[in-house]
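# Examination of the molecular architecture
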Amino acid sequence: MRDNPKVSVIGGGAWGTALALTAARAGRSVMLYARNADTVASINQRHENAARLPGVKLDTSIVAVGDPLAIVATDIIILAIPAQQVRATLATFAPHLIAGTPVVIAAKGLERGTDKRLSEVVAEVAPLGEPCVLSGPSFATDVARNLPTAVTIATADEGLALDLCHALSTPSFRPYAETDIVGVEIGGAVKNVLAIAAGIVAGKRLGASASAALVARGFAELRRLAEALGARPETLMGLSGLGDLTLTCSGAQSRNFAFGHHLGASGDPAAPHALAEGVATAAVARDLARHHAILMPIVEAVAAILDGDLAIDAAIEGLMTRPIKMESA
């Protein structure tokens, strides 16, 4: 990778805008693709994403475009779009990618219908690109406001992972390199499902003790599935596993927690869940667990609640009356 790589961000939401701003702060030339014409105009004319990050001034070097092919001749592409849109969106760009271009996935989820990790989707749809993953405890508003944040960037090539970390690092945004793509992806995806469960606990006012138990037992489930898929335990104990789980289960700034909270308070499984990635991921994680004979009772319960097959009170009772066993079993 050259010394001053050009960065293109696909996605005009809060997360894509925050990552574009981070890359600009790191001294990179940045282009941001957004489908919404008003978003493009707002960024280029007012240097602000008024709809998604109001009040956050953007670097004047960030150029927004509405033409998807305008960004393919770049050194780094960052995908900051919802997980379920990765396949269709990337298909537009894939035929025009320069071979070996890092495609950094900044979404956290598993593809519904195929049960694939997003790096597998990228490898399938854009074989010319190099799948990479950016994950970790990070809210878009914190990153955009230049608050201290640490994340993980994973790819199979250690040298490339380190290059990407150097390219995006700023005094307030610290990436750590990793080669365990599976661990980073599963940590980021499953924690969203567990955050819905944590939100339900809060919405039902079950108390801080129940919340802590949920996070601890949920992490055990996340770790079992990830290790069964080939992840390293130490990855799961890091930023993209335990770190991200802790943040996402901590309050309403997390969309998944907020959705779960509304669900727990209202009991309505049809509650609005815009951009709560855990809603689509729950059934996929459940299916992967069943396929690998992994016990994930919390994930099973969340998936059943979302499918309308289990009432919240019945799910809580079921979890609390599971057979007594050794904690580590």
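Report follows, based on the coordinates. Note that the structure is a prediction, hence the values are computed from the model and not measured.

Rules used throughout
Residues numbered from 1 in each chain as written. Predicted model: local features only at pLDDT ≥ 70, side-chain atom pairs only at ≥ 80, totals over all residues. Heavy atoms only, no water. Helix = DSSP H or I, 4+ residues; strand = E, 2+ residues; numbered from the N terminus. Rg over C-alpha atoms; globule rule 2.2 N^0.38 Å. Buried < 20%, exposed > 50% of the residue type's maximum accessible area, 1.4 Å probe, protein only. Contact = heavy atoms within 4.5 Å. Salt bridge = Lys/Arg side-chain N within 4 Å of Asp/Glu carboxyl O. Phe/Tyr/Trp six-rings, centres within 6.5 Å; stacked < 30°, edge-to-face > 60°. Lys NZ or Arg CZ within 6 Å of the ring centre and 35° of its normal. Axes fitted to C-alpha atoms, helices over the stretch in contact; angles between N-to-C directions. Parallel < 35°, antiparallel > 145°, perpendicular 65-115°, else oblique. Left-handed = near helix turned anticlockwise from the far one by under 90°. Nonpolar A, V, L, I, M, F, W, Y, C, P; charged D, E, K, R; others polar. Pairing = 2+ DSSP bridges.

## Concerning the overall build of the chain
If you tally the helices and strands in the chain, you get 14 helices and 10 strands. Compactness check: the chain gives a C-alpha radius of gyration of 19 Å against a globular reference of 20 Å for 329 residues, within 12% of the reference. Referenced to the eigenvectors of the C-alpha coordinate spread, the extents of the chain come out at roughly 55 × 40 × 35 Å. Of all 329 residues assigned to the chain, the portion counted as buried reaches 53%. Sequence separation of at least 24 residues holds for 70% of the intrachain contacts in the chain that already meet a minimum separation of 6.

## Comments concerning unusual backbone geometry
With phi around 70°, asparagine 146 is a residue other than glycine that occupies positive phi space. Considering the arrangement of structural elements, one finds asparagine 146 in the loop between helix H5 (140–144) and strand S9 (149–154). Under the relative-accessibility criterion, asparagine 146 is labelled partly exposed at 37%. Even without being glycine, arginine 205 reaches a positive phi, approximately 55°. Among the structural elements, arginine 205 can be located in the loop between helix H7 (181–203) and helix H8 (208–228). Look at arginine 205 and you get exposed, because its relative accessible area is 76%.

## Regarding the pattern of salt bridges
In this structure the tally under the stated criterion is 15 salt bridges. With its nearest N and O atoms 3.8 Å apart, the salt bridge here joins aspartate 244 to lysine 191. Highlighted residues: aspartate 244 in helix H10 (residues 239–248) and lysine 191 in helix H7, separated in sequence by 53 residues. Residue lysine 191 is classed as buried on the basis of its relative accessible area, which comes to 5%. Residue glutamate 234 is joined to arginine 232 by a salt bridge in which the shortest nitrogen-to-oxygen separation is 3.5 Å. For glutamate 234, a relative accessible area of 53% corresponds to the exposed category. Via salt bridges that share partners, Arg87, Glu111, Lys116 and Glu124 belong to a single interconnected network.

## Looking at the packing of aromatic side chains
By the definition in use, this model includes 1 aromatic pair. Above the ring of tyrosine 176, the side-chain terminus of arginine 174 is found at 4.4 Å from the ring centroid.

## A word on the packing of H7 against H10
For the pair H7 and H10, the least separation of the axes is 9 Å and the interaxial angle reads 25°. Regarding the angle of H7 to H10, the classification is roughly parallel. When the axes of H7 and H10 are compared, the crossing they make is right-handed. Only Ser240, Gly241, Asp244, Leu245 and Thr248 of H10 make contact with H7, whose side of the interface consists of Val184, Gly187, Gly188, Lys191, Asn192, Leu194 and Ala195. Residues belonging to the contact of H7 with H10 are distributed by class as follows: 4 nonpolar, 6 polar and 2 charged.

## A word on the sheet that holds strand S4 (residues 76–79)
Strand order across the open sheet formed by 8 strands is S3-S2-S1-S4-S5-S8-S9-S10, with mixed pairing between neighbours. Strands at the two margins of the open sheet, each flanked by one partner only, are strand S3 (63–65) and strand S10 (173–178). Between one strand and the next, the sheet's axes are offset by a mean angle of 25°, whatever the strand orientation. Inspection of the sheet shows strand S1 (residues 6–10) paired to S4 by 4 bridges, in the parallel sense. When the bridges of S4 are listed, isoleucine 10 appears paired with leucine 79. The strands touched by helix H4 (residues 118–125) are S4, strand S5 (102–105) and strand S8 (130–135); relative to S5, the strand with the most contacts, the crossing angle is about 150°. Against the sheet, helix H6 (residues 158–168) engages S1, S4, S5, S8, S9 and S10, with an angle of about 175° to S10.

## Thoughts on the pairing of S10
Bridge analysis of S9 against S10 gives 6 bridges, and the strand direction is parallel. Residue pairing across strands places valine 151 opposite proline 175, the latter belonging to S10.

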